[in-house]
Amino acid sequence: AAAPSGSMTRYEAAALLNTCLGEVAQVNEEERRLLNEFSPELAVIKGRVDSLEARVGEFEAGLFSTTTKLRGTTNFVIGAVDEEDNATDATVFVYSMQLDLTSSFTGKDVLYTRIKTGNFGNSQLAQKPNVYLSSANTNDDTLKVDKIWYQFPVGDSITAWLGAKVENYYMLASAPSIYRPILKGFALGGNDAVYGASTGQGFGVAWTQQVDDPSAARFAVSANYTSSNSKGEYADPTAGGLFTNGAQGMTLAKVEYGSPRWQVSVAYSNKTNGSDAGTYYSTTMGDDRTGNTDAYALRAYWKPETTGAIPSISAGYTVASVDDDGTAEEVEETASWMVGLNWKDAFIDGNTAGVAFGQRQYATSVTSGNRVDHYDKGDDNFNWEAYYSFKVSDGITVTPAVFGVSNPDGDDNSVGDGGNGDTFGGIVQTTFKF
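As the structure is a computational prediction, the values presented were derived from the model and not from experiment. Each residue is numbered by its place in its chain's sequence as written, counting from 1. Only residues with pLDDT of at least 70 get local features here, since the model is predicted, and only at 80 or more are side-chain atom pairs given and counted; chain-wide, interface and lining totals rely on the full set of residues. As a convention, hydrogens and water are excluded, and side-chain values are obtained from all of the structure's heavy atoms.

**Student:** It is not clear to me how the overall build of the protein should be interpreted in this structure. Could you clarify?
**Tutor:** Helix and strand counts for the protein stand at 5 helices and 18 strands. Summary of the burial criterion: residues with accessible area below 20% of their type's maximum are buried, those above 50% are exposed, and those between are partly exposed, where the area comes from a 1.4 Å probe applied to protein chains only. Counting over 434 residues, the protein shows a buried share of 44%. On the protein, roughly 21,700 Å² of surface is accessible, and the fraction owed to carbon and sulfur atoms is 55%. Starting at the N terminus, helices and strands are each numbered in turn, a helix being any DSSP run of H or I of at least four residues and a strand any DSSP run of E of at least two. Accessible areas in this description were obtained via Shrake-Rupley with a 1.4 Å probe; residue shielding takes into account the shown protein chains only.

Take a look at the structure:
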């Protein structure tokens, strides 16, 4: 061991002597003299080492796995929604909790398990297509395995996924948007016909171009497949499963180019047999569909080099064509768009402000049917949100937010599960991370 520069205390000299003696097999007379001289200090060092080893042993004995990390998030939400056509608007206090388990067996792979619960139930903070918070969970206080997949590298440039419960947008080289939403409809640059999906069994692969400079731009390509009715509970094997005629499958491909500060991407998805055309649509097209959907998404984001008055910007635009079964009025084409702004370190370091606005998936072309007028008004919908997150500590954040949804069903008549009246809402969300 190298000797420290300058003068040493008796304790530092004893620590150096203890280190040196650990590296020799025998003790000579001079070393024995030093042992006698520094015996009080050496006894203290040995006691501290023994105590440390005992504490480490207790800590390891209490771990359920030395290769698994557990992270948790709990949201307390107090809020109310004022819906034009609903006479029972109420203030609610609800919660959601998420536990993330990540295990690694080689140091490069990940077995990911997500467990969630909550009691949003049928509250107006968890109603589609009207209002659905990103933090909402309707498991009725029951812990459920919400996601589970295995991720592993193939060489230096390729990542692969296999999942029994996974959604397509988790199997991408990177996310298509950096906006942090309050309403889930603003997630991923628009949770719509391309990036809106149901959990199912699936697999995916992503290739990322290797660059010498981590800040340099690079290309990446992702492709994956899931089936949301492949859970094995169907008596008829053609009514579900992977790649069967009855599978509610979704194939997603994304090509992106960008750096850690900016990205432009295009994506294509094909959904079969009524697989969700877009969870946060503004019409009821998802309720009646049994056919297929082809959709295309353009996404882009940019963030400033330093935080301040200039926000990060995320934008998305999606178009889709629908091939239905012809038994009812049909939506043939749809569109959606959004713009989201985030200010990091807004006013105070650690705080974040956000504003987003846009239109959820709405009909742009409709065949004949008894609700043509309903669909034709779908492009009247407009959605917005604004929030400010206070960082109380490393583990606690308080976020007041307001939001609005106009003409959520695209009609003046009552159609759809979430109501049809213009909606204004506000919440205070407290997030605990542990």
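**Student:** Please explain the pattern of salt bridges as it appears in this structure.
**Tutor:** When the charged atoms of two side chains with opposite charge come close together, those side chains can pair. Criterion for a salt bridge: a side-chain nitrogen of Lys or Arg within 4 Å of a carboxyl oxygen of Asp or Glu. This model, assessed by the stated rule, comprises 7 salt bridges. For aspartate 192, the salt bridge identified is with arginine 299, shortest N-O distance 3.2 Å. Separated by 107 residues along the polypeptide, aspartate 192 in the loop between strand S7 (158-166) and strand S8 (200-208) and arginine 299 in strand S12 (residues 292-302) bring together distant segments of the chain. Assigned by exposure class, aspartate 192 and arginine 299 land together as buried.

**Student:** Would you take a moment to explain the environment of lysine 147 for this structure?
**Tutor:** Note that lysine 147 resides in strand S6 (residues 144-154). According to the relative accessible area criterion, lysine 147 is buried, its value standing at 2%. Sequence spacing of lysine 147 and arginine 114 is 33 residues, and the spatial spacing of their C-alpha atoms is 4.9 Å. Residue contacts are counted whenever heavy atoms from the two residues lie within 4.5 Å of one another. In contact with lysine 147, other than residues within four places in its own chain, are Tyr112, Thr113, Arg114, Lys165, Val166, Glu167, Tyr170 and Thr199. What qualifies as a polar contact is a pair of N or O atoms within 3.5 Å, subject to a donor-acceptor requirement within protein and to the restriction that residues adjacent in sequence count only when both atoms come from side chains. At 3.1 Å, the side chain of lysine 147 forms a polar contact with the side chain of aspartate 146. Among the polar contacts made by the side chain of lysine 147, one reaches the side chain of glutamate 167 at a distance of 3.0 Å.

**Student:** Looking at this structure, how should I read the environment of tyrosine 195?
**Tutor:** Looking at the element boundaries, tyrosine 195 is found in the loop between S7 and S8. Residues tyrosine 195 and asparagine 168, spaced 27 residues apart in sequence, show a C-alpha to C-alpha distance of 7.6 Å. If near-sequence neighbours (up to four positions away) are discounted, tyrosine 195 is found in contact with Tyr169, Leu172, Pro176, Leu188, Gly190, Leu252, Lys254, Ala267, Ala297 and Arg299.

**Student:** I tried to follow a positive patch on the surface on my own but got confused; where do I start?
**Tutor:** A surface patch of positive charge is lined by Lys69, Arg71, Arg180, Arg261, Lys303, Lys344 and Lys433. When you line up the elements, arginine 261 lands in the loop between strand S10 (249-258) and strand S11 (262-271). Candidate patch residues must exceed 30% relative accessible area and have no salt bridge, after which like charges are joined if within 9 Å and Val, Leu, Ile, Met, Phe, Trp or Tyr side chains if within 5 Å. We score Asp and Glu as negative and Lys and Arg as positive, and we do not count His or the chain ends. Lysine's charge is taken at NZ, arginine's at CZ, aspartate's at CG and glutamate's at CD.

**Student:** When you look at unusual backbone geometry in this model, what are you seeing that I'm missing?
**Tutor:** Phi at aspartate 140 is positive, roughly 55°, even though this residue is not glycine. Relative to the helices and strands, aspartate 140 resides in the loop between strand S5 (131-132) and S6. The phi dihedral of aspartate 141 falls on the positive side, at around 65°, and the residue is not glycine. With respect to the secondary-structure elements, aspartate 141 resides in the loop between S5 and S6.

**Student:** What exactly am I supposed to notice about the confidence of the model for the protein here?
**Tutor:** One rule of thumb: low pLDDT means the predicted coordinates there are not for detailed reading. By definition, pLDDT measures how confident the predictor is in each residue, and it falls between 0 and 100. Averaged over every residue, the pLDDT of the protein is 82; the share at 70 or more is 73%. Of all helices and strands in the protein, the one with the weakest mean pLDDT is helix H4 (residues 285-288) (43), whereas strand S3 (residues 110-118) scores best (97). A low-confidence stretch, residues 277-288 stays under pLDDT 50, and its non-local contacts, those more than four residues away or across chains, total 60 contacts.

**Student:** In this structure, what is going on with the nonpolar core? I would like to understand it.
**Tutor:** As a rule of thumb, nonpolar side chains are buried together in soluble globular proteins. Counting 21 residues, the largest nonpolar core has Val77, Phe120, Leu125, Leu133, Phe403 and Ile427 as the members making the most contacts within it. Only strand S1 (68-83), S5 and strand S17 (396-406) provide two or more residues apiece to this core. If you tally residues by element for this core, the top one is S17, at 3 residues. Every residue in contact with leucine 125, bar those within four places of it in the chain, is listed here: Val77, Gly79, Val81, Val92, Val94, Phe120, Val131, Tyr132, Leu133, Ala136, Phe403 and Ile427. Side-chain atoms within 4.5 Å link the members of a nonpolar core, which is a set of buried Ala, Val, Leu, Ile, Met, Phe, Trp, Tyr and Cys residues. Membership of the second largest hydrophobic core comes to 14 residues, among which are Leu188, Ala193, Val194 and Ala320.

**Student:** When you look at the packing of aromatic side chains in this model, what are you seeing that I'm missing?
**Tutor:** Two descriptors summarise a pair of aromatic rings, namely the distance from one centre to the other and the angle between the planes of the rings. Aromatic contacts are taken between Phe, Tyr and Trp rings whose centres are within 6.5 Å, Trp giving its six-membered ring; a plane angle under 30 degrees counts as stacked, one over 60 as edge-to-face, and the others as tilted. The final tally for this structure, using the stated rule, is 15 aromatic pairs. With a centroid separation of 5.6 Å and an interplanar angle of 70°, the aromatic rings of tyrosine 257 and tryptophan 262 are classed as edge-to-face. For tyrosine 257, a relative accessible area of 33% translates into the label partly exposed. Taking the centre distance of 5.2 Å and the plane angle of 45° together, the rings of tyrosine 268 and tyrosine 296 count as tilted. Placement of tyrosine 268 in strand S11 and of tyrosine 296 in strand S12 is noted, with a sequence separation of 28 residues between them. Residue classification places tyrosine 296 among the partly exposed residues on the basis of a relative accessible area of 47%. Grouping aromatic residues by their ring pairs yields a cluster made of Tyr112, Trp149, Tyr169 and Tyr170.

**Student:** Sorry, what's going on with the side chain of glutamine 361 here?
**Tutor:** Here glutamine 361 is to be found in strand S15 (residues 352-366). A distance of 3.4 Å separates a polar atom in the side chain of glutamine 361 from the backbone nitrogen of alanine 193.

**Student:** Teacher, can you tell me more about the pairing of S15 here?
**Tutor:** For a regular strand, side-chain orientation follows a simple rule: the groups alternate between the two sheet faces. With 11 of its 15 residues buried, S15 lies for the most part within the structure. DSSP bridges decide pairing: two strands pair if at least two such bridges lie between them. The sheet contact formed by S15 and strand S16 (residues 382-391) spans 7 bridges and is antiparallel. From the neighbouring strand, threonine 352 faces S16, where its bridge partner is serine 389.

**Student:** Looking at this structure, how should I read the pairing of strand S2 (residues 91-103)?
**Tutor:** Here S1 pairs with S2 via 13 bridges, running antiparallel. Following the sheet pairing, phenylalanine 76 is matched in S2 by tyrosine 95. Of the pairings in the sheet, the one linking S2 to S3 comprises 8 bridges and is antiparallel in character. Residue pairing across strands places glutamine 98 opposite lysine 116, the latter belonging to S3.

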